[in-house]
Each structure stands twice: as C-alpha cells, then as structure tokens.
Amino acid sequence: MSARVKCFWKSYAASVTACLSVLAVLFAAAMFTGKWFFLKNGYPSFALQAESWLQGRLDLGQDYPWLELAIYDGKYFVSFPPFPSYVLLPFAVFFGADTPDGLISLVFTAAGVWAAARLAGEILKDRREAIFWTMFLYLGTGYLFISLTPAVWFFAQVLCFNLSVLSILYAYHARGGKSLLCWACAVGCRPMVILFLPVLLIILIHRVRQRQEAFSLLRLIRDKWYWALGPVILGGSYMLLNWLRFGSILEFGHNYLPEFTRSPEGQFSFHYFLDNFPLLFRLPAPDSTGRFQFVTFDTMLFCLIDPMSIPIIVSVFCAFILKKQNDPGRKLRVILPVLSLLYIFILCSHRTLGGWQFGNRYLKDVLPFLFFGLLCWMPRKGWFRSASAVLFFFGTAISLIGTVATFNGWI
C-alpha cells in the first residue's frame, strides 16, 4: 500500500466505513421494499415546480390531486420551501419532471454520513467510536425511513438533515462561509432549522478563537463579513419567491393548504400542543396475537423510535454538572437544550405531527445539532458505551423492521 493511500485511509477510514455501512443497510431495506433510488418518484412536487419555473411560470399550471398543493388566487403552488427545487433545477433542464430524485437523495445521505463521521472522529479522537456514533445517527434513529424514498415530504427532510450535519462540520472547521451557506440551504428545506443559527455561531466563534491568539468579535465581523453573503442571497430569494407567489415574504404556502384553510385553528395553535405533546409518549399496544400495533400517523414514544435520544439526554445532563474538554463554550450547554425544547414546543403546536410515516419524522430535524452536543458531552465510561451499543442495535432493528413493514403495508 502506497504512502498516499495509507494517508488517505488514516484520514478518512471512519467516513468510508460509515458510508459503506449505511449504504449497505439502505440496499438491504430496498431489497425488501422495492424502494430503489433509480425508480421514478411518484410524488415529484419539487421537480414539477422546477419544470414550471423553466417554463416561465411560478404556479404548477394545474392541480395534482395526490400532491399536497397550496391553492391561492385560483392557482396551484407547491406548499413547501423552495430549496429542493433549486437543487433539481439543472436536472429539470434535461429530465423535465422526471429528475433523478432518488439518486440525489442518496448522494446527500452519503455526504451527510461522511461529514458526521469526520466530525465524530475529530471530536472523539477514536475511529471506531466515530463509526459507531455515525451509524447510530443514521440507522438507529428512524432516518432510514425518510431516506428510502424521495417523495416530496421526505426529500426535503433528507436534504435538511444532511445539510445541517455539513453546516456543523464546517463550523467546527471554522469555515464560516460554507457553514452558514449550508445552514441557509437547510432553512430553505425546513424553515424551523432557523432556530439553530445561534448553535452554529457559538461553535464557529469558539473554533476561530482557538486559532487566534488575540481574538476580537468585532474584528471577526469586519474581516469575515462576506460569510453572510450566501445566507443573505438565499434568504432574499426565498422571500422574493414568497412575495411573488403569496404576497408575503414569510409565506411558503402551507397556510393555503386546504387542510389548514378548513381548520378554525389554522396551521399553528396552542390548542394543538395540548393534543400533540402526549403523543410523543404514546406506546404501541399489543393485539390479541401478541403483535404490537404501531401507528403510521402523527407520532409515538420518541425514545422507542429514536433510542439515540437516551444517550443524548444523558450527555446534556452531564454537560450541566461536568466541564468537558471538548465543550465549545458554556453558552452552548444552555442554548442547545433550550432551542431543542423550543423546537419541540413549536412542533407540537402544529396541526399534525406528520402524516404517513414510521416514527417521529419531524423530530429528525433537530438530531444533527443534538448529535454535536452528544459528541462533546458524552460520558467516557464503559457503562455508557455498553448501554449505547444495546440501544443502537435495538434502534436499528426497530428502524429497519418498521420501515420495511410500513412500506409493505403490514402496519
């Protein structure tokens, strides 16, 4: 083996191993469900939108009854933030509405796994642990379900999830322009990710301070002002599209979905929170045959579907009582849990906790940020590693079996 190959393997072994492992599980799941990345997407809202843009039209030109479309001024619009259509736009030039969504989703998953393994390896300084925690994030949390099909609801979440991981890695590398650009792209997929900008800024400032003997926040802003160009341009494009389509820079179209226009409470209400929050603790009940009945609407016990939440909670608790060597600042110990709870509050104030799904689909958006906290604050004890290994295998089994059962109509 040449010196160059040895150097590459030493630097990227964790990322390569994690990528191949996650892709192998996706391949196994596709064998049982038929959800191959090269198949045509039956719910191509973003591709239809990109095709319409190329035809000089902001609306879709007609109704597609099986899609979740906003109806405004007698026209039909895609009701989701537009960044996924930005990604598909160059492909729509050649493929029209038949863009290779599954392949693009797979590429984003691979990029996110690669980035997560790099991040874990640099924080934990252990290749095997980096592989383990990366696989836990992608296989033991229910991410498998949303990554197996590029249907409009899941495609945006896959992009958001992996762009968030990339934004954290770039922040940890003190590369503010790329970090904030990835974050702005993620916001264009799932707007509530905007809440976690303070987390990225804390990581970024901490890492820049470590590299400078005489650090000044004012000087950083003066010298690195161009880091904000990407987010400003992207954010401006989102607001311009919203204004041109719906007459408001903050309206992506969800408020004009029929299900919300017919609801007296609208899209968000504290009334929904009172109904939805208990669903985060809903257990599957066994039937007369002994099989547990999982539901595919709204959500279920969060730590059953996402067992990684248990080591995350333990690590956040440890952050308050211990000073960790890798802690990027005391402020993060407070801000990350608070923003995560605020996210959950807003999530539970939404009319639904997700339509057809297996697990807690909406909770996936916050996991990349909590993953970073886990890496920084986890106990380096044998009992913690052993318990986490058990939870990983349990979570992976639940995710894989539940995904196959859901797609095959068994639950």
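Up top you'll find the structure we're talking about.
Residues numbered from 1 in each chain as written. Predicted model: local features only at pLDDT ≥ 70, side-chain atom pairs only at ≥ 80, totals over all residues. Heavy atoms only, no water.

> Looking at this structure, how should I read the overall build of the protein?
Helix and strand counts for the protein stand at 18 helices and 4 strands. The C-alpha atoms of the protein give a radius of gyration of 21 Å, which matches the 22 Å a tight globule of 411 residues would have. In terms of principal-axis extent, the alpha carbons of the protein reach across some 65 × 60 × 50 Å. Of the roughly 18,900 Å² of accessible surface on the protein, 67% is carried by carbon and sulfur atoms. Mean positive and mean negative side-chain charge positions of the protein (35 and 21 charges, respectively) differ by 15 Å. (Helix = DSSP H or I, 4+ residues; strand = E, 2+ residues; numbered from the N terminus. Rg over C-alpha atoms; globule rule 2.2 N^0.38 Å. Areas by Shrake-Rupley, 256 points an atom, 1.4 Å probe, with all protein chains shown as cover. Lys, Arg positive; Asp, Glu negative; His and termini not counted. Charge placed at Lys NZ, Arg CZ, Asp CG, Glu CD.)

> Can you walk me through the layout of surface pockets in this structure?
Where empty space is left can be seen by rolling a probe of water-molecule size over the atoms. One number sums up the size of the second largest pocket: a volume of about 520 Å³. Taken together, 19 residues form the lining of the second largest pocket, with Phe 302, Ile 313, Leu 341, Ile 344 and Leu 370 sitting closest to its centre. Where the lining of the second largest pocket is concerned, the elements lending two or more residues are helix H15 (309-321), helix H16 (330-348) and helix H17 (367-377). Ranked by residue count, the leading element in the lining of the second largest pocket is H16, at 5 residues. Partitioned by chemical class, the residues of the lining of the second largest pocket number 16 nonpolar, 2 polar and 1 charged. (1 Å grid on protein atoms, 1.4 Å probe; cavity = no way out; pocket = protein on both sides within 12 Å on 5 of 7 lines; lining within 4 Å. Points joined across faces, edges and corners; volume = space filled by probe spheres on them. Nonpolar A, V, L, I, M, F, W, Y, C, P; charged D, E, K, R; others polar.)

> It is not clear to me how the pattern of salt bridges should be interpreted in this structure. Could you clarify?
A side chain of one charge can pair with a side chain of the opposite charge when the charged atoms of the two come close. Scanning the model with the defined rule gives 7 salt bridges in all. We note a salt bridge from Asp 365 to Arg 190, for which the minimum N-O separation is 2.8 Å. Placement of Asp 365 in the loop between H16 and H17 and of Arg 190 in the loop between helix H8 (176-187) and helix H9 (197-211) is noted, with a sequence separation of 175 residues between them. The burial state of Asp 365 is the same as that of Arg 190; both residues are buried. Residues Asp 223 and Arg 222 are paired through a salt bridge, measuring 3.2 Å at the closest nitrogen-oxygen approach. Asp 223 sits in the partly exposed class, given a relative accessible area of 38%. (Salt bridge = Lys/Arg side-chain N within 4 Å of Asp/Glu carboxyl O. Buried < 20%, exposed > 50% of the residue type's maximum accessible area, 1.4 Å probe, protein only.)

> Would you explain unusual backbone geometry in this entry?
Peptide bonds are mostly trans, and most non-glycine residues show a negative phi. If you check the backbone angles, Lys 125 has positive phi at about 60° while not being a glycine. For Lys 125, the location among the structural elements is in the loop between helix H4 (101-124) and helix H5 (127-139). Positive phi is not limited to glycine here, since Asp 298 has a value of about 60°. For Asp 298, the location among the structural elements is in the loop between strand E4 (292-293) and helix H14 (302-305).

> Help me understand the packing of helix H7 (residues 152-172) against H17 in this model?
The N-to-C vectors of H7 and H17 enclose an angle of 40°; their axes lie 8 Å apart at closest approach. On H17, the residues that touch Phe 161, Ser 164, Val 165, Ile 168 and Tyr 172 of H7 are Leu 367, Pro 368, Phe 369 and Phe 372. When its residues are assigned to classes, the contact of H7 with H17 shows 8 nonpolar, 1 polar and no charged. (Axes fitted to C-alpha atoms, helices over the stretch in contact; angles between N-to-C directions. Contact = heavy atoms within 4.5 Å.)

> Would you mind showing me how to read the environment of Leu 26 here?
By secondary structure assignment, the location of Leu 26 is in helix H1 (residues 3-33). Here Leu 26 falls in the buried class, since its relative accessible area comes to 7%. Sequence-wise, Leu 26 and Ala 387 are 361 residues apart; in three dimensions their C-alpha atoms are separated by 25 Å.

Limitation: the analysis is restricted to geometry and does not speak to function.
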